[in-house]
Amino acid sequence: GTFAILTVWSGIPPFCFILFFTQMGFGEHIYYTIALEMGEHGYALALGLAVFMFTLYMLDADEWTSHCGSIFLDFFILTIVFGLVLLVLLIADRFPYGMVCLFAVFHPLWLLAFKLMFYGEKDTRTFVSWLSGPLFFISIVIVVAWTAWVFSDPDNEWNIVARVVAAERTGCEPNYENYENCRKEPGSEETCFYVEKNDGKESLKFPDGCDQNCTRVYNDCLNGFILWIGPVLISMTTFFLSFFCTFLRTEGAREKDVLNFGVVWIFLIFAMWVTTSLAGTAAGVAAALAALTLASFVASAMFVAVSFSKAERNQNAAAVFERLRQKYGKHLDVGRALFVVTCAPIVLLYLGFSTVNQFIRRIGIFPCSQPPGEEGGLFTSRTRTQVDVMKSWDRAKVYTFAVYWGIAFMIMQVIVANLTVVFLSWIIEATEGLGLAPITAIMCAVGVMMFLLPPVPGVPVYLTLGIVLPAEGHKTLGWAGSILYCTGVGVVLKLFSSALQQKGIGQNLSHYVKVRQFVGINSILMKAMRLVLDKEGLSVPKVSILIGGPDWPTSVLCGIMRLSLPQIMLGTTPIIFLIFPTCLSGALLYMASVKDETGNPEFAWAGTISAITLSVTAIVQFGSMIGKKLREDV
């Protein structure tokens with residue numbers, strides 16, 4: 001009874017979203033009719049909302065505690081919510097992920113509204129734990145329904161033809177910056193190619209002088225792709241909500257749950273960086289995965305926020321900060337430096353707002369404003385307290401670490417990520433036409449070199465193997481054989497690189513006391529990891545640590561702890577469950593790019609399957625990282 005009721009209630013928002021805002025329903029008609037016909041009012045609405053919220057802040061709306069003040073405040077909040085929904089609709093053509101993120105924010109509120117109406121006497125955490133099963137069931141139903149819809153009609157599959165058709169239907173403007181010859185006529189905004197429909201089948205037509213690569217003018221247009229894959233994004237968001245409903249179970253220490261949640265999302269940020277590193281070969285998929293990560297983050301943060309009362313949130317926040325101060329007190333300046341680097345402009349803006357707010361309090365033009373405080377000053381009492389806390393920091397250390405954070409960002413995001421994509425893209429072009437054996441040797445050498453670089457993740461390497469090796473190997477081994485061959489090469493490459501990292505780097509570093517001290521070799525965490533990894537055979541904790549952790553640091557730590565190489569290699573072998581879907585995704589991406597003599601895709605279904613397999617890859621990577629963290633806390 002309860003399961004069925006919660007399933008029906010939980011399924012209403014996903015059903016409505018899929019019906020009105022995806023290609024499975026009326027998404028293209030509703031979503032973009034509003035955006036294209038009224039989109040020019042979006043910026044005016046955004047400005048109006050900003051001014052309205054600024055005014056409420058200046059008038060201390062959060063302190064309106066009287067009965068009349070609460071009514072006005074609730075009305076204003078509803079007005080802001082309605083305005084934000086309308087704003088997201090108006091700018092949908094420029095920010096196609098907006099509705100997915102909006103769904104992720106409001107879905108938890110919808111579920112908790114049901115709790116307030118029918119289960120008001122139940123503890124919020126208990127009710128949230130009940131939602132795990134229904135949400136998981138709904139996520140599975142959505143994926144099954146979407147898969148059936150995709151393969152029920154060839155027009156529902158995603159390929160280059162579908163991308164062009166979707167771009168034209170959604171009003172996406174072609175980008176001729178590097179493709180001036182792709183215009184129909186000089187100065188024209190129309191493309192030289194067009195879509196023709198014969199016997200119900202759509203195909204691309206390229207007149208004489210129109211290059212088949214001209215379809216790249218729509219490479220930046222992801223509107224149609226987000227509409228097409230929208231149900232998958234909703235399914236994945238619902239799946240993550242199910243996971244966090246289990247995560248926020250009633251048992252266990254609440255402070256520990258909050259800390260675990262924060263660490264899990266640190267891993268999710270890392271996962272977002274990994275997916276964006278795929279942008280060079282799968283821009284649409286990487287963007288979709290980034291949108292999924294963002295939407296899941298917002299949804300899960302909402303669940304955490306509403307699962308505690310205000311008193312519990314304050315209590316847990318105080319407990320978390322105290323634990324962080326005790327455990328990481330010597331390293332808090334690193335976190336403060338990250339805050340300075342990322343939030344400095346916001347802090348300056350906040351200080352400006354606080355100054356205006358204090359001025360309004362002083363002149364007393366609004367009777368509901370708070371008093372300016374006995375000590376006066378330029379800022380409000382709350383802001384003065386926050387400024388005093390920041391003044392107590394060791395600013396020389398904080399600013400030094402802030403510079404280090406900036407350098408790290410440049411290395412990781414600008415140099416490593418971009419250089420990795422450019423280098424692997426060059427490898428793909430340079431190896432074209434060589435035999436399978438030379439290509440395999442080149443890719444193995446490149447792979448080992450990439451694995452020996454600390455910041456480089458393994459997923460882009462496996463994806464490149466999946467693109468390069470089957471492109472040549474299918475001629476002799478067939479597509480299935482070449483994908484299996486690619487997977488085998490990836491497994492051997494990973495094991496060989498891990499052995500080099502463990503024995504060649506980690507074990508040699510283990511002789512240095514400073515290195516052992518830096519990694520905390522005698523800490524409880526390291527002792528627990530040693531205990532788990534030193535056991536013979538395979539176990540879930542052992543596999544979670546070896547696969548869920550970042551490649552280079554995990555292998556090098558095993559060397560520093562001088563663990564058994566054969567046992568570490570055995571525990572790493574399940575990496576095949578990550579390598580296989582990644583290589584399969586790479587092969588499908590290549591197959592989706594293969595065109596016949598008319599310029600139309602030879603494997604029209606490959607783009608669709610690649611989107612699914614890349615999602616599976618993200619799930620496997622995410623699951624292994626979550627398993628690693630949870631096993632460390634056991």
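Keep in mind it's a predicted model, so treat the numbers as computed, not measured.

K.L.:
When you look at the packing of helix α3 (residues 42-58) against helix α13 (residues 332-363) in this model, what are you seeing that I'm missing?
P.N.:
Two measures define how a pair of helices packs: the angle their axes make with one another and the distance between the axes. For the pair α3 and α13, the least separation of the axes is 9 Å and the interaxial angle reads 55 degrees. In terms of orientation, α3 lies oblique with respect to α13. Contacts between α3 and α13 involve Phe54, Tyr57 and Met58 on the former and, on the latter, Tyr350, Phe353, Ser354, Val356, Asn357 and Ile360.

K.L.:
Sorry if this is basic, but what is going on with the packing of aromatic side chains here?
P.N.:
For any pair of aromatic rings, the description rests on two quantities: the centre-to-centre distance and the angle between the ring planes. Taken as a whole and judged by the stated rule, the model has 18 aromatic pairs. Between the aromatic rings of Trp146 and Trp228, the centroid separation amounts to 5.1 Å while the plane-to-plane angle is 65 degrees, which identifies the pairing as edge-to-face. Within this pair, whereas Trp146 is found in helix α7 (residues 132-152), its partner Trp228 is found in helix α9 (residues 223-247), the two being separated by 82 residues in sequence. Ring geometry for Phe339 against Trp393: centres 6.4 Å apart, planes inclined by 85 degrees, an arrangement best described as edge-to-face. One end of the pair, Phe339, is in helix α13; the other, Trp393, is in the loop between α14 (381-391) and α15 (395-430), and 54 residues separate them in sequence. For Trp393, a relative accessible area of 16% corresponds to the buried category.

K.L.:
Explain the nonpolar core to me, please; I cannot follow it from the model alone.
P.N.:
Within soluble globular proteins, side chains that are nonpolar tend to cluster in buried spots. By size, the foremost hydrophobic cluster in this structure holds 40 residues, and its most contacted members are Met443, Leu469, Leu533 and Ile568. Of all the secondary structure elements, the ones that give two or more residues to this core are α16 (436-451), α17 (459-509), α19 (524-533), α20 (540-548), α21 (551-560), α22 (565-572) and α23 (576-593). With 11 residues, α17 is the largest single contributor of residues to this core. In contact with Leu469, other than residues within four places in its own chain, are Leu436, Ile439, Thr440, Met443, Tyr485, Cys486 and Val489.

K.L.:
Would you mind showing me how to read the confidence of the model for the chain here?
P.N.:
Low-pLDDT stretches of the model should not have their predicted coordinates read in fine detail. Here the chain averages 77 in pLDDT, and 77% of its residues register 70 or above. Scored below 50 in pLDDT, residues 269-285 shows 35 contacts in the model against residues more than four places distant or in partner chains.

K.L.:
Honestly, the state of the cysteines in this entry has me stumped. Any pointers?
P.N.:
In a disulfide, the sulfur atoms of two cysteines are held together by a covalent bond. The full count for this structure, using the stated rule, is 2 disulfides. Linked covalently through their sulfurs, Cys182 and Cys214 form a disulfide whose S-S length is 2.0 Å. In this structure the cystine formed by Cys182 and Cys214 twists about its S-S bond by roughly -80 degrees; its chirality is therefore left-handed. Of this pair, Cys182 sits in the loop between α8 (160-169) and β1 (194-198) while Cys214 sits in the loop between β2 (201-205) and α9; the two residues are 32 residues apart in sequence, bridging distant segments of the chain. The disulfide partner of Cys192 is Cys210, and the S-S distance across this bridge is 2.0 Å. What sets the handedness of the Cys192 and Cys210 disulfide is the S-S torsion sign, and at about 60 degrees it is right-handed. With Cys192 in the loop between α8 and β1 and Cys210 in the loop between β2 and α9, this pair connects stretches of sequence that are 18 residues apart. Here the two residues Cys192 and Cys210 agree in accessibility, since each one is buried.

K.L.:
What am I meant to see in helix α4 (residues 67-90) here?
P.N.:
For an α-helix the count is 3.6 residues per turn, leaving residues at separations of three or four pointing the same way. End to end, α4 covers 35 Å across 24 residues, agreeing with the expected 34 Å (1.5 Å per residue, within 8%). Those residues of α4 that sit buried are Gly69, Leu73, Phe76, Ile80, Gly83, Leu87, Val88, Leu89 and Leu90.

Reading the values: rules and limits
- Residues numbered from 1 in each chain as written.
- Predicted model: local features only at pLDDT ≥ 70, side-chain atom pairs only at ≥ 80, totals over all residues.
- Heavy atoms only, no water.
- Axes fitted to C-alpha atoms, helices over the stretch in contact; angles between N-to-C directions.
- Helix = DSSP H or I, 4+ residues; strand = E, 2+ residues; numbered from the N terminus.
- Parallel < 35°, antiparallel > 145°, perpendicular 65-115°, else oblique.
- Contact = heavy atoms within 4.5 Å.
- Phe/Tyr/Trp six-rings, centres within 6.5 Å; stacked < 30°, edge-to-face > 60°.
- Buried < 20%, exposed > 50% of the residue type's maximum accessible area, 1.4 Å probe, protein only.
- Core = buried A, V, L, I, M, F, W, Y, C linked by side-chain atoms within 4.5 Å.
- pLDDT = per-residue confidence, 0-100.
- Disulfide = S-S within 2.5 Å.
- Expected span 1.5 Å × (residues − 1).

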